[in-house]
Amino acid sequence: MCRTLTTLGALGPTRRVSRCGCGAYHVVWQHLHLSLHPDELAELCRLFAAPLLTGERRDVGLWHLHLQVGAARLWYGPMCVSLTLGEYQGLRDLLNGVQARPVLPRPLYALN
Ligand SMILES: [Zn+2]
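The model shown is predicted, which means the values in this text are computed figures rather than measured ones.

In this structure, L44, C45, F48, A72, L83, L91 and L95 are the most contacted members of the largest nonpolar core, which totals 17 residues. Counting residues per element, the ones that place at least two in this core are β3 (25-29), α1 (38-49), β7 (71-76) and α2 (85-96). Take this core: its biggest share by element is 5 residues, from α1. When residues no more than four places from it in sequence are discounted, the contact partners of L95 are L44, C45 and F48.

Attention shifts here to the pairing of strand β8 (residues 79-84). Of the pairings in the sheet, the one linking β7 to β8 comprises 6 bridges and is antiparallel in character. Looking at the pairing, Y76 lines up with M79 of β8. Hairpin connection of β7 to β8: 2 residues between the antiparallel strands, including G77 at a positive phi of 60°.

The rules behind each value
- Residues numbered from 1 in each chain as written.
- Predicted model: local features only at pLDDT ≥ 70, side-chain atom pairs only at ≥ 80, totals over all residues.
- Core = buried A, V, L, I, M, F, W, Y, C linked by C-beta atoms within 7 Å.
- Buried ≥ 20, exposed ≤ 12 C-beta atoms within 10 Å, placed from the backbone.
- Helix = DSSP H or I, 4+ residues; strand = E, 2+ residues; numbered from the N terminus.
- Contact = placed C-beta atoms within 7 Å.
- Pairing = 2+ DSSP bridges.

No statement about biological role is implied by the geometric values presented.
Here it is, written out as C-alpha cells:
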C-alpha cells in the first residue's frame with residue numbers, strides 16, 4: 001500500500017498522477033486507479049503523446065487506444081475503459097504534463 005505520494009499533475013481531486021516513494025506511479029482518473037511501473041507510465045504517456053483522429057488506433061506496449069465517434073477506448077490487456085472525447089483530451093493533457101523517471105539500476109551493495 002503506497003502512502004507517500006507526490007502529485008506530479010492534477011485536473012482536480014479525482015484526476016491526478018502521483019509518484020510514490022517506492023517508485024510506483026499512480027494514475028487516478030475518477031473511478032479508475034492504476035498503479036504503474038515507471039516503464040508502464042512512460043508507455044501510457046507515449047500512447048497519448050500525439051492526438052488521434054476519429055477511427056485511428058495506436059498501440060504502445062500492452063496499451064491500446066482507439067478513438068471512435070464520440071468516445072475513446074483505452075485498453076490494457078483484456079481490460080478496457082471508455083472515455084468521452086472530453087475525458088480523452090483531459091487525460092491526454094494530464095499525461096503530457098508528467099514524465100516518468102527512468103528506473104536506475106540498484107547498486108550491488110543495496111542487495112545486502
Ligand atoms: Zn508505493
